[in-house]
Amino acid sequence: MPKRIEIDAMPEGCKLFYRDINRQIRKAIADGYDHIVLRNIAGQRYIGAGLKGDYTIEVFGDAGLDLGVFSEGLKYIVHGSSEYLLGNTLNGGEIVVYGDSWDITGMGARGGSIFVMGNGGSRIGIHMKEFGDSRPIICYGGTVKQYCGEYMAGGVIVVLGLDFKDAIIDPKKPIDRDNIDAKLVKNAAGPIVQSDLGGGIHGGAIYIRGEIPDELLGVYAKKEEIDEGDKEVLEPLIERFCELYGVNPDFIWKEGFTKVKPISSRPFGKHYTTTPI
Amino acid sequence: MTTVKDKMLPRFKAKIDYETCIKCGRCGENCTYDAIIFNRDEDMPIVKSTGNCVACQRCVTFCPVDAIAITPYPVEFAPHGTWTPYHIRGVMEQARTGAVLLSGMGNDRPFPMVFDNLVWDACQVTNPAIDSLREPVETRTYIGRKPKNLSITKNRGKFALEDLPANVGISTPLIIGHMSLGSVSYNAITAMYRAVEDVGTMMGTGEGGLHKDHYVYRDNLIGEVASGRFGVNPDYLKLGAIEIKIGQGAKPGHGGQLPGEKVTQLISDTRGIPLGTDALSPNPQHDIYSIEDLKTLIAALHEATEYQSPVGVKIAAVNNVAAIASGIVRAGADFMTIDGFRGGTGAAPRVIRDNAGIPIELAIASVDQHLRNEKIRHKVTIIAGGGLRSSSDLIKVIALGADVGNIGTSALIALGCKVCQQCPTGKCSWGIATGNPVLANRIDIDWGAQRVSNLLRGWTHDLSEVLGTMGIDAVESLVGNRDRLRYVGPNPREAEILGVKHAGERIGTGGE
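Residues numbered from 1 in each chain as written. Chains lettered and ligands numbered in written order. Predicted model: local features only at pLDDT ≥ 70, side-chain atom pairs only at ≥ 80, totals over all residues. Heavy atoms only, no water.

**Observations regarding the overall build of chain A**
1) Next: A count of helical and extended segments in chain A gives 3 helices and 14 strands.
2) Next: The C-alpha atoms of chain A give a radius of gyration of 19 Å, which matches the 19 Å a tight globule of 277 residues would have.
3) Next: On the principal axes, the C-alpha backbone points of chain A span a range of 65 × 55 × 30 Å.
4) Next: For chain A, restricting intrachain contacts to residue pairs at least 6 apart in sequence, the fraction spanning at least 24 positions comes to 45%.
5) Next: Total accessible area on chain A is roughly 11400 Å²; 48% of this is exposed by carbon and sulfur atoms.
6) Next: Treating the 32 positive side-chain charges of chain A as one cloud and the 39 negative ones as another, the clouds have centres 4 Å apart. (Helix = DSSP H or I, 4+ residues; strand = E, 2+ residues; numbered from the N terminus. Rg over C-alpha atoms; globule rule 2.2 N^0.38 Å. Contact = heavy atoms within 4.5 Å. Areas by Shrake-Rupley, 256 points an atom, 1.4 Å probe, with all protein chains shown as cover. Lys, Arg positive; Asp, Glu negative; His and termini not counted. Charge placed at Lys NZ, Arg CZ, Asp CG, Glu CD.)

Right, here's the structure in full:
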């Protein structure tokens, strides 16, 4: 039976410092709680930094930089948006954001899944890598900007290009699945990704819903149509996305996906010579 | 297309004296560069290809009758003051491959050595020297942020210090710098870890993660967080100290690449990366584009380590190192490593290794003075490295402003390295810079640990003896004590930047 505790980050109208929030989280874990609810978060940084274990941290409000940085195995749910560096160097677990998450989401992640309902900025999933069974996943419901998947060494990035703006039933309430009217989810109007997609990629794959022009590809990246193997990768992932945000999978599959993958796992292999001279 | 004209002239010649040779075959077994092989049919060693010899001296060392000599190859290029073999060979190889020349070890160019222009002071008559063999000379040093002043509380008659920032104590102001598992072998790194534990000092893990066998040394390790974030996980963040690597003296501004062939199962497990793919550390850290961003990562690491480990930043010594250092202290770093342009490497583009960065002596003097002027020097522990060849370099770098010296190449020489610069090839015959487990086993870990401990202890003894002769009873009194140094080199401007007086310069007018 999960033990739940609530922490108010704005007690008596006074904003708690991140250090105090993390201290309270650690104390709650030490006291045996495994579901920690943070109320009134207003941009505090480093929430849950470096934690490891099977705990759930639920954030109400907008999270600051570095949510879940270095952590392993936790589940974070953010009923709001996140600032830069969500899941920086993530080692495992799941992060679910009911809002946007801006630049450098999942930088250097080695495991875990990150689901974002809305849009992202640049450098999403930069230098993610996979190892053994540990395969990081980033799935954006909305659109992202330049340098997505730059230097990627493993894992999966999915960008769906959906627009949830009209689908929020009551914008004044925290967003969760019950507050989304899936029938009103549309395809995003603008471009789904921007330039330098997968620049320097040498492992893993990026799946974009829809077509992308060649000139958006970065160096050492190439695009392909998806095959059965890719579908096997995408299906559970999209199923999870739909479960989290209430979207109908048929709506997502209505459009095809484009896969962006590395030209080589050793893009710079011929760039250097080690002959003794 | 490779033709005979692409042939690189041999640099060395291995000569076997068959009159003394006892045909034991050790030379052939030991040569990893395919220069000498043992011909089983004729029961004798032969020089297979003299061009392959790199003068690693492995065969010479293992020949029980000293029957092998490695000499420079008799036919050199025609002598030329400008077109030296260094340049001609570089042009030839790049004309053949069109690639970047990779090199190992530190800067190979004959730049003037500032350390060699410095001498230090000793006690005579007016202040007594300390006999370090019988009297205490403190070499213990603490890495971490120091408060401006101490707050002491009294509770029920007991005194207590209030909230000191985390510091790690080391028995000597001498640590081993960052080397990753991958750039050096499992045996080499284990020997060094064991040595620092034995001596009570620290070593950097490099950006290679930490192998599960090595967590026992955690209190003596500085975990590196670099641009590839290899092996960084919650357990890794519980090491003695954590250091963010921005730059390395051998290749300022350049990242790192462990070529796919070196990413073996051992490396793959330790770094958490796929087998056989290039392990690429990008040049910048993609979450650090400013001092403010650096501050963010330092704070994230402080949070993740629950403020139990000091968090440092390592940079290469470059033109504006003093201003950058000031920014790093203000970003909240507890310690800072400055790596001079002679710092070593397992692999760096030769053009960068040999030309980028500035000497550590000038960098450290400049940083120390700049932080003193800004009244923030006390906040940070400064670790200096990049070509410390002996205890004298260590002592001089401390007097110029460093709290701690770090060594890399010196520790590898203790393990057998002969500085042949073939690290990037992975063929290291001494079992140091290689991922090949058979070669790695050439280092007996107990023997290696003993050798490295001996080296660290030897330099520490040197330091105590010298401190005694200077009349200084604790090494922290030597830190930045540039008044105890004198300059004997050719360039007064250099002395000025170092903040060191010229030898023989009189102080004051004394009674005239």
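Text resumes after the structure shown.
**A look at the packing of aromatic side chains**
1) Next: Counted under the stated rule, the structure contains 10 aromatic pairs over all chains.
2) Next: The interplanar angle of 40° and the centroid separation of 4.4 Å between the aromatic rings of F17 of chain A and Y18 of chain A together place this pair among those described as tilted.
3) Next: For F17 of chain A, a relative accessible area of 45% puts it in the partly exposed group.
4) Next: Their ring planes at 55° and their centres at 6.4 Å tell us that F62 of chain B and W430 of chain B sit as a pair that is tilted. Separated by 368 residues along the polypeptide, F62 of chain B in helix 2 (residues 58-62) and W430 of chain B in the loop between helix 11 (409-414) and helix 12 (437-440) bring together distant segments of the chain.
5) Next: Under the relative-accessibility criterion, F62 of chain B is labelled partly exposed at 32%. (Phe/Tyr/Trp six-rings, centres within 6.5 Å; stacked < 30°, edge-to-face > 60°. Buried < 20%, exposed > 50% of the residue type's maximum accessible area, 1.4 Å probe, protein only.)

**Description of the nonpolar core**
1) Next: Counting residues in each nonpolar core, the largest one holds 115 residues, and the members touching the most others are I176, M192, M336, I338 and I432 of chain B.
2) Next: Other than its neighbours up to four places away in sequence, M336 of chain B contacts V313, A325, I328, V329, V367, L371, V380, T381, I382 and I383 of chain B.
3) Next: The next biggest cluster of nonpolar side chains, apart from the first, holds 46 residues, and it includes I25, L86, C148 and L216 of chain A. (Core = buried A, V, L, I, M, F, W, Y, C linked by side-chain atoms within 4.5 Å.)

**Examining empty space enclosed by the protein**
Residue and element names in this part refer to chain B.
1) Next: All chains considered together, the criterion is met by 5 cavities of 30 Å³ or more.
2) Next: Along the walls of the largest cavity sit 13 residues, with C31, A35, C53, C56 and C59 positioned nearest its centre.
3) Next: Looking at side-chain class alone, the lining of the largest cavity contains 11 nonpolar, 1 polar and 1 charged residues.
4) Next: Estimated volume of the second largest cavity: approximately 80 Å³.
5) Next: For the second largest cavity, the lining is made up of 14 residues, of which C21, C24, C27, P45 and C63 are closest to its centre.
6) Next: Taken together, the residues of the lining of the second largest cavity break down into 11 nonpolar, 1 polar and 2 charged. (1 Å grid on protein atoms, 1.4 Å probe; cavity = no way out; pocket = protein on both sides within 12 Å on 5 of 7 lines; lining within 4 Å. Points joined across faces, edges and corners; volume = space filled by probe spheres on them. Nonpolar A, V, L, I, M, F, W, Y, C, P; charged D, E, K, R; others polar.)

**Examining helix 3 (residues 85-97) of chain B**
1) Next: Here helix 3 of chain B contains 13 residues, and its C-alpha end-to-end distance of 18 Å stays within 8% of the 18 Å for a straight helix at 1.5 Å per residue.
2) Next: Within helix 3 of chain B, burial applies to Y86, R89, G90 and E93 of chain B. Seen along its axis, helix 3 of chain B keeps its buried residues to an arc of 105°; they face one direction. Facing away from the buried surface of helix 3 of chain B by more than 90 degrees, the exposed residues are V91 and A95 of chain B.
3) Next: On its buried side, helix 3 of chain B packs onto strand 14 (272-273) of chain A together with strand 5 (100-103) and helix 8 (350-353) of chain B.
4) Next: G98 of chain B lies just past helix 3 of chain B and shows a positive phi near 65°. (Expected span 1.5 Å × (residues − 1). Arc of directions from axis to C-beta.)

**Examining a negative patch on the surface**
1) Next: Negative charge collects at one region of the surface, where D227, E228, E232, E235 and E239 of chain A lie side by side.
2) Next: One can find E232 of chain A in helix 2 (residues 228-245). (Patch = residues over 30% accessible without salt bridge, like charges linked within 9 Å, V, L, I, M, F, W, Y side chains within 5 Å. Salt bridge = Lys/Arg side-chain N within 4 Å of Asp/Glu carboxyl O.)

**A short note on the sheet that holds strand 6 (residues 118-120) of chain B**
Sheets are built from strands paired through backbone hydrogen bonds, the pairs being either parallel or antiparallel.
Residues and elements named next belong to chain B.
1) Next: In spatial order, the strands read 6-22-23; together these 3 strands make up an open sheet with mixed pairing. Each end of this open sheet is capped by a strand with a single partner; those strands are strand 6 and strand 23 (501-502).
2) Next: Where strand 22 (residues 485-487) and strand 23 come together, 2 bridges link them in parallel fashion. Each bridged residue has a counterpart across the sheet, and for R486 the counterpart in strand 23 is K501. (Pairing = 2+ DSSP bridges.)

**Examining the confidence of the model for chain A**
1) Next: Taken over all residues, the pLDDT of chain A has a mean of 94, while the share at 70 or more is 100%.
2) Next: Confidence scores differ between elements of chain A, with strand 14 of chain A showing the lowest mean pLDDT of 86 and strand 7 (residues 137-140) of chain A the highest of 98. (pLDDT = per-residue confidence, 0-100.)

**Focus: the pattern of salt bridges**
Residues and elements named next belong to chain B.
1) Next: Taken as a whole and judged by the stated rule, the model has 37 salt bridges over all chains.
2) Next: Here D198 ties to R457 by a salt bridge, and the two come within 3.3 Å at their closest N and O atoms. Placement of D198 in helix 4 (residues 186-199) and of R457 in helix 13 (residues 445-470) is noted, with a sequence separation of 259 residues between them.
3) Next: The class for D198 is partly exposed, based on a relative accessible area of 42%.
4) Next: Residue classification places R457 among the partly exposed positions, given a relative accessible area of 33%.
5) Next: Residues joined by salt bridges that share partners form a network here, namely D368, R372, R377, D403 and R482.

**Observations concerning the environment of C428 of chain B**
Residues and elements named next belong to chain B.
1) Next: Its location among the elements puts C428 in the loop between helix 11 and helix 12.
2) Next: Judged by relative accessible area, C428 falls into the buried class, the value being 13%.
3) Next: Between the C-alpha atoms of C428 and T32, which are 396 residues apart in sequence, the distance is 7.1 Å.
4) Next: Sequence-distant contacts of C428, that is, excluding residues within four places in its chain, are made with T32, Y33, A433, T434 and L439.

**Here we look at the sheet that holds strand 19 (residues 348-349) of chain B**
1) Next: The strand order across the open sheet built from 3 strands is 14(A)-5(B)-19(B), with neighbouring strands paired in mixed fashion. What marks the edges here is a single partner per strand, and that holds for strand 14 of chain A together with strand 19 of chain B.
2) Next: Pairing of strand 5 of chain B with strand 19 of chain B involves 2 bridges; the strand directions are antiparallel. Note that in strand 19 of chain B the partner of S103 of chain B across the bridge is A348 of chain B.
3) Next: Across the sheet, helix 3 of chain B lies against strand 14 of chain A together with strand 5 of chain B, angled at about 125° from strand 5 of chain B, the strand it touches most. (Axes fitted to C-alpha atoms, helices over the stretch in contact; angles between N-to-C directions.)

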